Amino acid sequence: MSMDLVFAALADPTRRAIIDRLRSGDKSAGELAEPLPISRSAVSQHLKVLETAGLITRSKSAQQRIVALNVDALTEAAGWLQSAYDEWQQRFDNLDRILAEEVPTDPATTDPSTVE
């Protein structure tokens, strides 16, 4: 799975809405298209992007195409985001520590009104 494809797929609000609806369980393509203000053809294109990114799977059940969320792909993306967040949080903590060490303890040296 390509993280580039995952994040590109999730960049679109319609595709995120589809993912949000699938969090409550599998749905038919028609059920996913129902509340969206776009054509079924456009929904089908969005589903293709999500499937290519590995975020959903589609299967046939009688006359319906059932769409299921691929939790593994979301878990991998969430793990990558968490790792990036942890790294930046560590950097900010280090910066806070460095700045705290550089704060003068004598207020007379930082008060510009005491300078003649």
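Now for a look at the structure at hand. Computed from a predicted model, the values in this text were never measured in an experiment.

## Topic: the pattern of salt bridges
Here the structure, examined in full by the defined rule, presents 3 salt bridges. A salt bridge links Asp20 to Arg23; its shortest N-O distance comes to 3.3 Å. On the basis of relative accessible area, Asp20 is assigned to the partly exposed category, the value being 45%. The exposure class of Arg23 is exposed, given its relative accessible area of 62%. A salt bridge links Arg91 to Glu87, with the nearest nitrogen and oxygen atoms 2.7 Å apart.

## Some remarks on helix H5 (residues 71-102)
With 32 residues, H5 should cover 46 Å at 1.5 Å per step; its first-to-last C-alpha distance of 46 Å lies within 8% of that length. Among the residues of H5, the N-terminal cap falls to Asn70, whose side-chain oxygen and the backbone nitrogen of Asp72 are separated by 3.2 Å.

## Considering the packing of aromatic side chains
Aromatic ring pairs are described here by two measures, namely the spacing of the ring centres and the angle between the planes. Summed over all chains, the structure comprises 2 aromatic pairs. Centroid distance Trp88 to Phe92: 6.1 Å. Interplanar angle 40 degrees. Geometry classified as tilted. Placement of the pair is Trp88 and Phe92 together in helix H5, with a separation of 4 residues, close to one helical turn. A relative accessible area of 47% means that Trp88 is categorised as partly exposed. Here the basic side chain of Arg91 rests over the ring of Trp88, its NZ or CZ set 4.7 Å away from the ring centre.

Thresholds applied
- Residues numbered from 1 in each chain as written.
- Predicted model: local features only at pLDDT ≥ 70, side-chain atom pairs only at ≥ 80, totals over all residues.
- Heavy atoms only, no water.
- Salt bridge = Lys/Arg side-chain N within 4 Å of Asp/Glu carboxyl O.
- Buried < 20%, exposed > 50% of the residue type's maximum accessible area, 1.4 Å probe, protein only.
- Helix = DSSP H or I, 4+ residues; strand = E, 2+ residues; numbered from the N terminus.
- Expected span 1.5 Å × (residues − 1).
- Polar contact = N/O pair within 3.5 Å; in protein donor to acceptor, adjacent residues only side chain to side chain.
- Phe/Tyr/Trp six-rings, centres within 6.5 Å; stacked < 30°, edge-to-face > 60°.
- Lys NZ or Arg CZ within 6 Å of the ring centre and 35° of its normal.

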